[in-house]
Amino acid sequence: MVMLDDDIAAELDLAMMVRRDNVPGARTPDGILTRFVGTPFERLLSQINDKPDPASMEIGFRLLTLGEDTCQNINRGLELIAQKTRADSELHDFSIGDGSGGITFHCNSSPSELAKQKLGRHCERRKYALRAPCWFGLSLDPDIRLQLGVVLDFEWQQSDEMDAVTAGMPKSIPANSLKGLVRDAGTQKVGRNDRCPCGSGKKFKKCCLSR
């Protein structure tokens, strides 16, 4: 149980009135979420928020439980896999998680049944390798638009078949694995006329080049 100060509770109440009753005001109180305004991570959350199905809501809640550093790393990871998929039209992904659960982000050129199957199999293997009770997956296009989601929520059970399939998969995802992914993003060369790696859809020279 958590006791919230009146000023925090008041801001949350106002934000909910804005969302539910269209009262003028800020939809999100100042804090971690407002620091991501205009970023791929914020756009992803907005898309999830617009989907009323329980699976999307569950994935959204999972993302909202993550710390700011992890969210920053996910934001850069999204930029990187989108940039790579735009460059070669291939599937690129990254995962974060541990024994309590995790999430995999896939970037595909276009949604398809095959892409859904690949994401499902990848999530199932990650979940099994880490013996996690749940695992989530999101498929995105190169502009970081949400294509589909996968939720695996069931107790871990030993399987000889899955043992064989995941034999070469690490039993845990190293804490620095995503940091390495983010470091690699800084080494990617972007041409002036290439699409900006921030995911805006604009040319680099007309977007983030000046930064």
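Participant: Would you mind showing me how to read the pattern of salt bridges here?
Facilitator: Two side chains with opposite charge may pair up if their charged atoms get near one another. All told, the structure shown has three salt bridges when counted by the stated rule. Taking the shortest distance from any N to any O, the salt bridge between E79 and R76 comes out at 2.0 Å. Here E79 pairs with R76, and both are found in helix 4 (residues 68-88), just three residues apart, close to one helical turn. For E79, a relative accessible area of 11% translates into the label buried. Residue R145 is joined to D143 by a salt bridge in which the shortest nitrogen-to-oxygen separation is 3.5 Å.

Participant: Sorry if this is basic, but what is going on with the nonpolar core here?
Facilitator: Most often, soluble globular proteins keep nonpolar side chains buried together rather than apart. By size, the foremost hydrophobic cluster in this structure holds 24 residues, and its most contacted members are L44, L63, I74, L78, I103, F105 and L138. At the level of elements, helix 2 (40-49), helix 3 (54-64), helix 4, strand 1 (92-98), strand 2 (101-107) and strand 3 (134-140) are the ones that each hand at least two residues to this core. At five residues, the largest contribution of residues to this core is made by helix 4. Formed by eight residues, the second largest nonpolar core is a distinct cluster that contains L119, A132, W135 and L152.

Participant: In this structure, what is going on with a nonpolar patch on the surface? I would like to understand it.
Facilitator: The grouping of M57, F61 and L64 at the surface amounts to a nonpolar patch, some 310 Å² of accessible area in total. Within the secondary structure layout, F61 lies in helix 3.

Participant: Teacher, can you tell me more about helix 2 here?
Facilitator: What sets the pattern is the α-helix's 3.6 residues per turn: residues three or four places apart point alike. Of the positions making up helix 2, those classed as buried are P40, F41, L44, L45 and I48. Here the buried residues of helix 2 occupy an arc of 140 degrees about the axis, which is enough to place them on one side. Those residues of helix 2 that are buried lie in contact with helix 3, helix 4, strand 2, strand 3 and strand 4 (146-153).

Participant: Any chance you could explain the sheet that holds strand 1 here in plain terms?
Facilitator: Strand pairing within a sheet occurs via backbone hydrogen bonds; the two strands may be parallel or antiparallel. Taking strand neighbours across the sheet as the criterion, the four strands line up as 1-2-3-4 in an open arrangement whose pairing is mixed. Strands at the two margins of the open sheet, each flanked by one partner only, are strand 1 and strand 4. Between one strand axis and the next, the sheet turns through 10 degrees on average, direction left out of account. Both strand 3 and strand 4 contribute to a ladder of seven bridges, which runs antiparallel. Looking at the pairing, L138 lines up with G149 of strand 4. On top of the sheet, helix 3 reaches strand 2, strand 3 and strand 4; it is set at about 85 degrees to strand 4, its chief contact.

Participant: Hey, could you run me through the confidence of the model for the protein chain in this one?
Facilitator: Keep in mind that low pLDDT regions are not for reading the predicted coordinates in detail. Per-residue confidence for the protein chain averages 80 on the pLDDT scale, and 81% of its residues sit at or above 70. Counting contacts from residues 180-187, a segment whose pLDDT is below 50, to residues more than four positions away or on other chains yields nine contacts.

Participant: Please explain helix 4 as it appears in this structure.
Facilitator: Taking 1.5 Å of rise per residue, the 21 residues of helix 4 would be expected to cover 30 Å, and the 31 Å separating its terminal C-alpha atoms lies within 8% of that figure. Two residues or fewer past helix 4, S89 is found with a positive phi of approximately 60 degrees.

Participant: Can you help me understand the packing of helix 2 against helix 3 in this one?
Facilitator: Geometrically, a packed helix pair is captured by the angle between its two axes and the distance between the axes. As a packed pair, helix 2 and helix 3 sit with axes 9 Å apart at the nearest point and diverge in direction by 145 degrees. With respect to the hand of their crossing, helix 2 and helix 3 are arranged in left-handed fashion. Mapping the contact onto sequence places F41, L44, L45 and I48 in helix 2 and S56, I59, G60, L63 and L64 in helix 3. Here the contact of helix 2 with helix 3 is composed, by residue class, of seven nonpolar, two polar and no charged.

Participant: Teacher, can you tell me more about the packing of aromatic side chains here?
Facilitator: Two descriptors summarise a pair of aromatic rings, namely the distance from one centre to the other and the angle between the planes of the rings. Under the defined criterion, the tally for this structure stands at three aromatic pairs. Here the guanidinium or amino end of K127 rests over the ring plane of F154, the centre of that ring lying 3.8 Å away.

Participant: Can you walk me through a positive patch on the surface in this structure?
Facilitator: Residues R192, K203, K205 and K206 make up a contiguous surface patch of positive charge. Its place among the elements puts K205 in the segment after helix 7 (177-185). Relative accessible area serves as the criterion here: at 34%, K205 is assigned to the partly exposed category.

Parameters at a glance
- Residues numbered from 1 in each chain as written.
- Predicted model: local features only at pLDDT ≥ 70, side-chain atom pairs only at ≥ 80, totals over all residues.
- Heavy atoms only, no water.
- Salt bridge = Lys/Arg side-chain N within 4 Å of Asp/Glu carboxyl O.
- Helix = DSSP H or I, 4+ residues; strand = E, 2+ residues; numbered from the N terminus.
- Buried < 20%, exposed > 50% of the residue type's maximum accessible area, 1.4 Å probe, protein only.
- Core = buried A, V, L, I, M, F, W, Y, C linked by side-chain atoms within 4.5 Å.
- Patch = residues over 30% accessible without salt bridge, like charges linked within 9 Å, V, L, I, M, F, W, Y side chains within 5 Å.
- Areas by Shrake-Rupley, 256 points an atom, 1.4 Å probe, with all protein chains shown as cover.
- Arc of directions from axis to C-beta.
- Contact = heavy atoms within 4.5 Å.
- Pairing = 2+ DSSP bridges.
- Axes fitted to C-alpha atoms, helices over the stretch in contact; angles between N-to-C directions.
- pLDDT = per-residue confidence, 0-100.
- Expected span 1.5 Å × (residues − 1).
- Left-handed = near helix turned anticlockwise from the far one by under 90°.
- Nonpolar A, V, L, I, M, F, W, Y, C, P; charged D, E, K, R; others polar.
- Phe/Tyr/Trp six-rings, centres within 6.5 Å; stacked < 30°, edge-to-face > 60°.
- Lys NZ or Arg CZ within 6 Å of the ring centre and 35° of its normal.
- Lys, Arg positive; Asp, Glu negative; His and termini not counted.
- Charge placed at Lys NZ, Arg CZ, Asp CG, Glu CD.

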